[in-house]
Amino acid sequence: MDEKTNRIKNKSEERFIIGYVWIYGLIVALILLFVDGFKIVLPVSFLLGVFTNLLGFTLTIKCVDKIQANKNLNPKAEFIKCNAKKMIIYALVLAIAGYSFSKRENETIYLNIFATFAGLFSVKMMIYFKEFIIDKIFTKKDDKKINDGNEEKIVNDEKQVNDLKMIEDKRKELKRLQEELNVLEESLKKGDSDNSDN
């Protein structure tokens, strides 16, 4: 797969993740609304965490796109800047939620820091949900289509050929590295035997 096709595939996966997070956030917020007796504190706090996490996720996406578009950038420095921005945003949101939570006796509307903190894990949960549930379901459906003899088999055969080529390349790379390791071990043994002779 070339780089442009890979970037398009990643963008569609990112959009799916963002869509899953929105759906997840709204469902959990509605559940919290019913569980908490129609008080808006928990749902609003949770949604604040979800929105903050989505902001961090989109910052990461933009950082990766920027690095892929401009090969002259130092990826390590860009990721450090991106993560610093995310941590500052998370710290501000949690500080505001914590301050509001500490003043909850005097206020009618406040933020629950625990619900906000839980919302900060929404993107990670949806990535795992997509990886371990959604992708497994679609993989099983794709396997069934192949077994039924549909045209999908040709596409999957090409993918398998590409995967096999990639595996073979990795094996060659591993064999080369193993040979280099053997040469290094032999030179170390030679060095040790020379030192013991002296």
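1. Quick notes on helix α3 (residues 75-102)
Side chains that are three or four residues apart share a direction in an α-helix, a result of its 3.6 residues per turn.
In step 1: Counted at 1.5 Å a residue, the expected span for α3 with its 28 residues is 40 Å, and the 40 Å between its end C-alpha atoms agrees.
In step 2: All buried positions along α3 are accounted for by Glu78, Cys82, Lys86, Tyr90, Val93, Ala97, Ser100 and Phe101.

2. Section: the packing of helix α2 (residues 41-69) against α3
In step 1: For the pair α2 and α3, the least separation of the axes is 10 Å and the interaxial angle reads 170°. Viewed along their axes, α2 and α3 adopt a mutual orientation that is roughly antiparallel. Crossing of α2 over α3 shows right-handed handedness. Each of Leu48, Thr52, Asn53, Leu55, Gly56, Leu59, Thr60, Cys63, Val64, Lys66 and Ile67 in α2 lies in contact with α3, whose residues at this interface are Pro75, Glu78, Phe79, Cys82, Lys85, Lys86, Ile89, Tyr90 and Val93.
In step 2: Of the residues contributing to the contact of α2 with α3, the split by class is twelve nonpolar, four polar and four charged.

3. Overview of the nonpolar core
In step 1: Of all hydrophobic cores here, the largest spans 16 residues; its most connected members are Val21, Phe46 and Val123.
In step 2: Looking at this core, the elements that each hand over two or more residues are α1 (3-35), α2 and α5 (122-147).
In step 3: Those residues within four positions of Phe46 in sequence are excluded, and the remaining contacts are Tyr24, Gly25, Val28, Ala29, Leu32, Ala115, Thr116, Ala118 and Gly119.

4. Looking at the packing of aromatic side chains
In step 1: According to the stated counting rule, one finds nine aromatic pairs in the structure shown.
In step 2: Ring centres of Phe16 and Tyr20 lie 6.3 Å apart, and the angle between their planes is 25°; on these two criteria the pair is classed as stacked. Of this pair, Phe16 and Tyr20 both sit in helix α1, separated by four residues, roughly a single helical turn.
In step 3: Using a relative accessible area of 48% as the deciding quantity, one classes Phe16 as partly exposed.
In step 4: Here the aromatic rings of Phe117 and Phe121 are separated by 5.2 Å at their centres, their planes lie at 80°, and the arrangement is edge-to-face.
In step 5: Feature note: the residues Phe16, Tyr20 and Phe129 constitute an aromatic cluster, connected by ring pairs.

5. Comments concerning the state of the cysteines
In step 1: Within the structure shown, the criterion is met by zero disulfides.
In step 2: Here Cys63 is not disulfide-linked; the sulfur of Cys82 is the nearest cysteine sulfur, at 4.2 Å.
In step 3: With relative accessibility at 7%, the residue Cys63 sits in the buried group.

6. Side note on the pattern of salt bridges
Should the charged atoms of two oppositely charged side chains come close, the side chains can pair.
In step 1: Going through the model one piece at a time under the given rule, you end up with six salt bridges.
In step 2: A salt bridge links Glu168 to Arg171, with the nearest nitrogen and oxygen atoms 4.0 Å apart. A residue pair is termed a helical-turn pair when its members lie 3 or 4 positions apart in one helix, as Glu168 and Arg171 do in helix α6 (residues 152-197) at three residues.
In step 3: A relative accessible area of 36% places Glu168 in the partly exposed class.
In step 4: For Arg171, a relative accessible area of 54% puts it in the exposed group.
In step 5: Through salt bridges with shared partners, one network takes in Lys66, Glu78 and Lys81.

7. Let's talk about the layout of surface pockets
In step 1: Space inside the second largest pocket adds up to approximately 230 Å³.
In step 2: Of all elements in the fold, only α2, α3 and α5 reach the threshold of two or more residues within the lining of the second largest pocket.
In step 3: Take the lining of the second largest pocket: its biggest share by element is four residues, from α2.
In step 4: Of the residues that constitute the lining of the second largest pocket, the class distribution is seven nonpolar, three polar and two charged.

Rules of the game
Residues numbered from 1 in each chain as written. Predicted model: local features only at pLDDT ≥ 70, side-chain atom pairs only at ≥ 80, totals over all residues. Heavy atoms only, no water. Helix = DSSP H or I, 4+ residues; strand = E, 2+ residues; numbered from the N terminus. Expected span 1.5 Å × (residues − 1). Buried < 20%, exposed > 50% of the residue type's maximum accessible area, 1.4 Å probe, protein only. Axes fitted to C-alpha atoms, helices over the stretch in contact; angles between N-to-C directions. Parallel < 35°, antiparallel > 145°, perpendicular 65-115°, else oblique. Left-handed = near helix turned anticlockwise from the far one by under 90°. Contact = heavy atoms within 4.5 Å. Nonpolar A, V, L, I, M, F, W, Y, C, P; charged D, E, K, R; others polar. Core = buried A, V, L, I, M, F, W, Y, C linked by side-chain atoms within 4.5 Å. Phe/Tyr/Trp six-rings, centres within 6.5 Å; stacked < 30°, edge-to-face > 60°. Disulfide = S-S within 2.5 Å. Salt bridge = Lys/Arg side-chain N within 4 Å of Asp/Glu carboxyl O. 1 Å grid on protein atoms, 1.4 Å probe; cavity = no way out; pocket = protein on both sides within 12 Å on 5 of 7 lines; lining within 4 Å. Points joined across faces, edges and corners; volume = space filled by probe spheres on them.

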